[in-house]
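Here is how the chains run, residue by residue.
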Amino acid sequence: MAEQRRTERLDQPREPRGITLPRFDAEAFGRWSEGIARGMGTANFIVVMTVVIAIWFGWNTLAPAELRFDPYTFTFLTLVLSLQASYAAPLILLAQNRQADRDRLALEEDRRRATAQKADTEYLAREIAALRIALGEVATRDFLRSELARLAEELDEAGQRRQRLERRQQEKGGQRSSGDPGLDEPRDELDDDYARDARPER
């Protein structure tokens, strides 16, 4: 026993013992089982099965005795149908399991997409709310128009005041140079403005 343990090498795997089952592709077998289950679940299968059983009954009942391969009680037909049922049930269950796995994966994918869409919707809702708050603080078009109109009026008034001031300075300069004010040109409406502006404020 000790010699046998010494001869075993640890750097090599053990040789398999017992019966080894043949390997097969589970995916291919599953597709094959689904095809069989899909075929057995159609009306064509029921019609073909009914025709075969009717021919079987007719042959083994009406044919000569020496040509009947399954006489009355139809033992062989019962065996065939039992074998068919015993194999059909696991194949149908396997197809149903594969369909359930696909449905579960589809459900998980739908749940993941629904979660992502919900997160996107919430994000968009928050962004829209932030935009509404920001737009509440932004000047509107009417407000800008009124402000621009007010600025334009102020600029016009400032321009008019500047013109009156320049004319006043020009008149003062002309009076100093000629010594006789008001003889060179007649007074106009702006001169009346000058006269009003020249009054001392109370």
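What counts and what doesn't
Residues numbered from 1 in each chain as written. Predicted model: local features only at pLDDT ≥ 70, side-chain atom pairs only at ≥ 80, totals over all residues. Heavy atoms only, no water. Salt bridge = Lys/Arg side-chain N within 4 Å of Asp/Glu carboxyl O. Helix = DSSP H or I, 4+ residues; strand = E, 2+ residues; numbered from the N terminus. Buried < 20%, exposed > 50% of the residue type's maximum accessible area, 1.4 Å probe, protein only. Axes fitted to C-alpha atoms, helices over the stretch in contact; angles between N-to-C directions. Parallel < 35°, antiparallel > 145°, perpendicular 65-115°, else oblique. Left-handed = near helix turned anticlockwise from the far one by under 90°. Contact = heavy atoms within 4.5 Å. Nonpolar A, V, L, I, M, F, W, Y, C, P; charged D, E, K, R; others polar. Phe/Tyr/Trp six-rings, centres within 6.5 Å; stacked < 30°, edge-to-face > 60°.

(A) Local environment of the pattern of salt bridges. In the structure shown here, the tally under the stated rule is 9 salt bridges. Asp-101 serves as the salt-bridge partner of Arg-104, at 3.0 Å between the closest nitrogen and oxygen. Linking Arg-104 with Asp-101, this pair stays in helix H4 (residues 75–136), spanning 3 residues, or about one helical turn. Using a relative accessible area of 34% as the deciding quantity, one classes Asp-101 as partly exposed. Between Glu-154 and Arg-150 there is a salt bridge, with the nearest N and O atoms lying 2.8 Å from each other. A residue pair is termed a helical-turn pair when its members lie 3 or 4 positions apart in one helix, as Glu-154 and Arg-150 do in helix H5 (residues 141–178) at 4 residues. Taking the relative accessible area as the measure of exposure, Glu-154 reaches 38% and is therefore partly exposed.

(B) Region of interest: the packing of helix H3 (residues 43–62) against H4. Contact geometry of H3 with H4 gives a least axis separation of 11 Å together with a crossing angle of 160°. With respect to H4, the element H3 is oriented roughly antiparallel. H4 is crossed by H3, and the crossing has right-handed handedness. Only Phe-76, Leu-77, Val-80, Leu-81 and Gln-84 of H4 make contact with H3, whose side of the interface consists of Phe-45, Met-49, Ile-53, Trp-56 and Phe-57. Among the residues making up the contact of H3 with H4, the classes are represented as 9 nonpolar, 1 polar and no charged.

(C) Quick peek at the packing of helix H2 (residues 26–40) against H4. H4 packs onto H2 with a crossing angle of 110° between their chain directions and a minimal axis gap of 8 Å. Of the possible angle classes, the one that applies to H2 and H4 is roughly perpendicular. Judged by the sense of rotation from one axis to the other, the crossing of H2 with H4 is left-handed. Here Glu-27, Phe-29, Gly-30, Arg-31, Trp-32, Ser-33, Glu-34, Ile-36, Ala-37 and Met-40 of H2 lie close against H4, whose contacting residues are Gln-84, Ala-88, Leu-91, Ile-92, Leu-94, Ala-95, Arg-98, Gln-99 and Arg-102. Of the residues that constitute the contact of H2 with H4, the class distribution is 10 nonpolar, 4 polar and 5 charged.

(D) Spotlight on the packing of aromatic side chains. Per the counting criterion, the structure on display carries 5 aromatic pairs. Aromatic pair Trp-56 and Phe-69: ring centres 5.1 Å apart, planes at 75°, arrangement edge-to-face. Here Trp-56, found in helix H3, pairs with Phe-69, found in the loop between H3 and H4; they are 13 residues apart in sequence, far enough to count as distant. Through successive ring pairs, a cluster of aromatic residues spans Trp-56, Phe-69 and Phe-76.

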